[in-house]
Protein chains: 2
Amino acid sequence: MSLMIQDSVRILQAQGYKVTRPRKQVLGVLDQAQKPLSPYDVQRLLGERGKYLNHVTIYRILDLFCRLNLAHRVLSSGGFVKCILGKKEGCHRFMVCRRCGTIQEFADGGLCREESRLAEDFGFHAEYHLSESYGLCASCYRLEES
Amino acid sequence: MSLMIQDSVRILQAQGYKVTRPRKQVLGVLDQAQKPLSPYDVQRLLGERGKYLNHVTIYRILDLFCRLNLAHRVLSSGGFVKCILGKKEGCHRFMVCRRCGTIQEFADGGLCREESRLAEDFGFHAEYHLSESYGLCASCYRLEES
DNA sequence: TGCTAAATGCAACAACGTTGCAATGGAGTC
DNA sequence: GACTCCATTGCAACGTTGTTGCATTTAGCA
Ligand SMILES: [Mn+2]
Ligand SMILES: [Mn+2]
Ligand SMILES: [Zn+2]
Ligand SMILES: [Zn+2]
């Protein structure tokens, strides 16, 4: 993980947002999970640790994190994951394992340019790309060879 | 549009599915819309034409169409669009205009191969890609130059 | 024209998401 | 540390979206 919780806290402060207990709790849950979490997933996981947050609060916190690019919404599942790339060039993409559900974030400037160039052929001016590769992660691929 | 309603009807028959009045009605609505439609959008549009379908029926019909690749779910909005590419090589991608909401479907085998190759660098075996470019369509781009 | 499996409608429910407003608490100031 | 202020949170109520089981209808075929 290149982007730590402490980095996220600093970004919140820098933008004038308060670093509250609920926000730190949600950051912690997102940081531990390797899979996308729905707002209600976050609530359940916190509940198991004896922490309670109202679901409205969780929605608002996740919205904020997405606006600040501290987290992303994974489209295929609707869940949220912590961003680990920071300001790396190119749109942030995901590889989603269909077997274990784990998520890997990556980015590639060249791929983005190629994608935008293709759209240009249709007269379309792309501003960003949403992209998820669906398949098998390395370890699940080995298991599937049985 | 390269794929017509009649083609969809033939695919339904060929796979042993009945060509019912509700299915033809949903096909008709999807065919006319240039934007992704939610199941309830479909219900509203049919309602305006004096046709009634239960929402459960619409959900089931859209699920079927997606399984047969007669339609796709557009992830960013959650709506459904009719597929116009048929069996064209490469995963079917979308360009979504942020101003007018229109959808353009396209595919490119080379882009898919490049995307899979990049995933392979992480040990990930991609089986298909979900991809949406977000920006301005040709006509909205001209208007935005004001 | 009837038969039958597939498809639809209905009712009830479950999950997900939103809004307005009152209560709380982070962070700066004294 | 205590005080203050406004962002943030909790609560309650509601609206939308999606699901399940079962009775009824109908497309496709003999
Ligand atoms: Mn990211
Ligand atoms: Mn298609
Ligand atoms: Zn896996
Ligand atoms: Zn447009």
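Residues numbered from 1 in each chain as written. Chains lettered and ligands numbered in written order. Predicted model: local features only at pLDDT ≥ 70, side-chain atom pairs only at ≥ 80, totals over all residues. Heavy atoms only, no water.

J.: Give a description of the protein's contact with DNA strand C that names residues and reports values.
T.: Taken together, 21 residues lie near DNA strand C, and Val19 and Tyr59 of chain A together with Thr20, Thr57 and Arg60 of chain B sit nearest. The sugar-phosphate share of atoms of DNA strand C within 4 Å of the protein amounts to 57%. Here a phosphate oxygen of DNA strand C and a side-chain polar atom of Tyr59 of chain A are 2.6 Å apart. Contacts to DNA strand C include Lys18 of chain B, whose side-chain N or O atom sits 3.5 Å from a sugar or linking oxygen. Every element with two or more residues in the surface near DNA strand C is listed here: α3 (39-48) and α4 (55-67) of chain A together with α2 (21-32) and α4 (55-67) of chain B. (Near = heavy atom within 4 Å. Polar contact = N/O pair within 3.5 Å; in protein donor to acceptor, adjacent residues only side chain to side chain. Helix = DSSP H or I, 4+ residues; strand = E, 2+ residues; numbered from the N terminus.)

J.: Requested: an account of the sheet that holds strand β4 (residues 103-107) of chain B, with residues and values cited.
T.: Strand pairs in the sheet, formed through backbone hydrogen bonds, run parallel or antiparallel to each other. The six strands lie next to each other as β4(A)-β3(A)-β5(A)-β5(B)-β3(B)-β4(B), forming an open sheet whose pairing is mixed. Only two strands of the sheet have a single partner each, and these edge strands are β4 (103-107) of chain A together with β4 of chain B. Going across the sheet, the axis of each strand differs from the next one's by a mean of 20 degrees, ignoring polarity. Here eleven bridges tie strand β5 (residues 125-136) of chain A to strand β5 (residues 125-136) of chain B, and the two strands are oriented antiparallel to one another. Note that in β5 of chain B the partner of His129 of chain A across the bridge is Ser133 of chain B. Strands in contact with helix α5 (residues 109-120) of chain A are β3 (92-97), β4 and β5 of chain A together with β3 (92-97), β4 and β5 of chain B; relative to β5 of chain A, the strand with the most contacts, it is inclined by about 120 degrees. (Pairing = 2+ DSSP bridges. Axes fitted to C-alpha atoms, helices over the stretch in contact; angles between N-to-C directions. Contact = heavy atoms within 4.5 Å.)

J.: Account for the relation of the copies chain A and chain B, naming residues and giving values.
T.: Mapping chain A onto chain B calls for a screw motion: a turn of 180 degrees about the axis and a shift of 0.0 Å along it, with 0.1 Å RMSD after fitting. When the rotation and shift are considered jointly, the pair of chain copies conforms to a two-fold rotation axis. Closest approach to the rotation axis within chain A is made by the C-alpha atom of Ser131 of chain A, at a distance of 2.1 Å. (Least-squares fit on C-alpha atoms with pLDDT ≥ 70 in both.)

J.: How would you explain the interface of chain A and chain B if you had to name every residue and give the values?
T.: With 33 residues of chain A in contact, the opposing surface of chain B contributes 33 residues. Surface buried jointly by chain A and chain B totals about 3000 Å² across both partners, of which 65% is contributed by carbon and sulfur atoms. Of all residues in chain A, Phe124, His125 and Tyr134 of chain A bury the most surface against chain B, accounting for 20% of the area lost on that side. The tally of links from chain A across to chain B stands at four salt bridges. Note that Arg93 of chain A is salt-bridged to Glu115 of chain B, the shortest N-O span being 3.8 Å. Linking chain A with chain B are 16 residue pairs in polar contact (both at pLDDT 80 or more). Among the secondary structure elements, those contributing two or more residues to the side of chain A that touches chain B are β3, β4, α5, β5 and α6 (138-144) of chain A. Per-element accounting of the side of chain A that touches chain B gives the leading share, twelve residues, to β5 of chain A. (Buried area = accessible area lost by both parts, 1.4 Å probe. Salt bridge = Lys/Arg side-chain N within 4 Å of Asp/Glu carboxyl O.)

J.: Before we move on, can you summarise the coordination of the manganese ion (ligand 1) with the specific residues and values?
T.: Residues and elements named next belong to chain A. Here the manganese ion (ligand 1) is held by the protein donor atoms His72 (NE2), Cys83 (SG), His92 (ND1) and Glu105 (OE), which lie 1.9 to 2.3 Å from it. Mapping the donors of the manganese ion (ligand 1) onto the primary sequence gives the spacing H-x10-C-x8-H-x12-E. In this structure, Cys83 and His92 share a single accessibility class: buried. (Donors = N, O, S within 2.8 Å, 3.2 Å for Na, K, Ca; no water. Buried < 20%, exposed > 50% of the residue type's maximum accessible area, 1.4 Å probe, protein only.)

J.: Describe the packing of aromatic side chains, naming the residues involved and giving the relevant values.
T.: Residues and elements named next belong to chain A. Following the criterion strictly, the structure yields six aromatic pairs over all chains and no others. Pairing Tyr40 with Tyr59 gives two aromatic rings, centres 6.0 Å apart and planes at 80 degrees, and the pair type is edge-to-face. Of the two residues, Tyr40 is situated in helix α3 and Tyr59 in helix α4; the sequence distance between them amounts to 19 residues. (Phe/Tyr/Trp six-rings, centres within 6.5 Å; stacked < 30°, edge-to-face > 60°.)

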